[in-house]
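Inside the fold
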Amino acid sequence: MTDQEFMEAALAEARQAAEAGEVPIGAVAVYDGAIIARGQNRVLRDNDPTAHAEIVALRAAAMALGNYRLNGCTLYVTLEPCAMCAGAMIHARIDRLVYAAADPKAGAAGSVLTVLNHPKLNHQMQVEQGILADESAELLRSFFRERRA
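Attention here is on the structure that accompanies the text. (Residues numbered from 1 in each chain as written. Predicted model: local features only at pLDDT ≥ 70, side-chain atom pairs only at ≥ 80, totals over all residues. Heavy atoms only, no water.)

1. Focus on the environment of Asp103
If you trace the backbone, Asp103 turns up in the loop between β4 (96-101) and β5 (126-129). Spatially, the C-alpha atoms of Asp103 and Pro81 are 7.8 Å apart, while their sequence positions differ by 22 residues. Filtering out sequence-adjacent residues up to four positions away, Asp103 remains in contact with Leu79, Glu80, Ser111 and Val112. (Helix = DSSP H or I, 4+ residues; strand = E, 2+ residues; numbered from the N terminus. Contact = heavy atoms within 4.5 Å.)

Next up, the structure:
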């Protein structure tokens, strides 16, 4: 599968989150070219402030691999991670992060903070952005537009 196909899978998770009334953010974890875990925002459904799509996917990936270290994994996320999620990715030793849309309000991959690949931290990862960014941003805009109406 390609980066775009993996991001489409993350967008499918985001759409499911929206259908459940959650902020539409989705994630998939990939290892050896296959999706090993999926996540979507579950903050409201689980009454858990840490149940962001990335954290849900990281937890499932760790269970799938039997190790909390996720070396060799790529995480595809529909929105730039927040500081909490970025910190979790660093601790998990994710090799690569691919995210769709930038988050100018809470992004920790350079939009607001630079948590990922900070030179003083002990883990660096490849970071790529922009794949299906327009689709992801529009999903978020329409979700919040409907909530305000």
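2. Digging into the packing of helix α3 (residues 53-65) against helix α4 (residues 83-92)
Where α3 meets α4, the closest approach of the two axes is 9 Å, and the angle between their N-to-C directions is 20°. Compared by their axis directions, α3 and α4 come out roughly parallel. As α3 packs across α4, the resulting crossing turns out to be left-handed. Every residue of α4 that contacts α3 at Glu54, Ile55 and Leu58 is listed here: Met84, Cys85, Ala88, Met89 and Ala92. (Axes fitted to C-alpha atoms, helices over the stretch in contact; angles between N-to-C directions. Parallel < 35°, antiparallel > 145°, perpendicular 65-115°, else oblique. Left-handed = near helix turned anticlockwise from the far one by under 90°.)

3. A few points about the sheet that holds strand β1 (residues 26-31)
Spatially, the five strands line up as an open sheet ordered β2-β1-β3-β4-β5, and their pairing is mixed. Every other strand in the sheet has two partners, leaving β2 (34-40) and β5 as the edge strands with one partner each. Sheet twist, expressed as the average angle between the axes of neighbouring strands with direction ignored, equals 15°. The pairing of β4 with β5 spans four bridges and is parallel. (Pairing = 2+ DSSP bridges.)

4. A short note on the side chain of Glu22
Within the secondary structure, Glu22 is located in the loop between α1 (3-19) and β1. When its relative accessible area of 2% is taken as the criterion, Glu22 is described as buried. In terms of polar contacts, Glu22 uses its side chain to reach the backbone amide nitrogen of Val43, at 3.3 Å. A distance of 3.0 Å separates a polar side-chain atom of Glu22 from the backbone nitrogen of Leu44. When sequence neighbours within four positions are dropped, the list of residues in contact with Glu22 reads Ala17, Asn41, Arg42, Val43, Leu44, Arg45 and Phe143. (Buried < 20%, exposed > 50% of the residue type's maximum accessible area, 1.4 Å probe, protein only. Polar contact = N/O pair within 3.5 Å; in protein donor to acceptor, adjacent residues only side chain to side chain.)

5. Things to note about the pairing of β1
Burial analysis of β1 places five of its six residues in the buried class, the great majority of the element. Across six bridges, β1 lies against β2 in antiparallel orientation. Directly across from Ala27, in β2, lies its bridge partner Gly39. In sequence, β1 turns back onto β2 through a hairpin of two residues, with Asp32 there showing a positive phi of about 50°. Across five bridges, the pairing between β1 and strand β3 (residues 73-79) is antiparallel. Along β3, the bridge assignment pairs Val28 with Tyr76.

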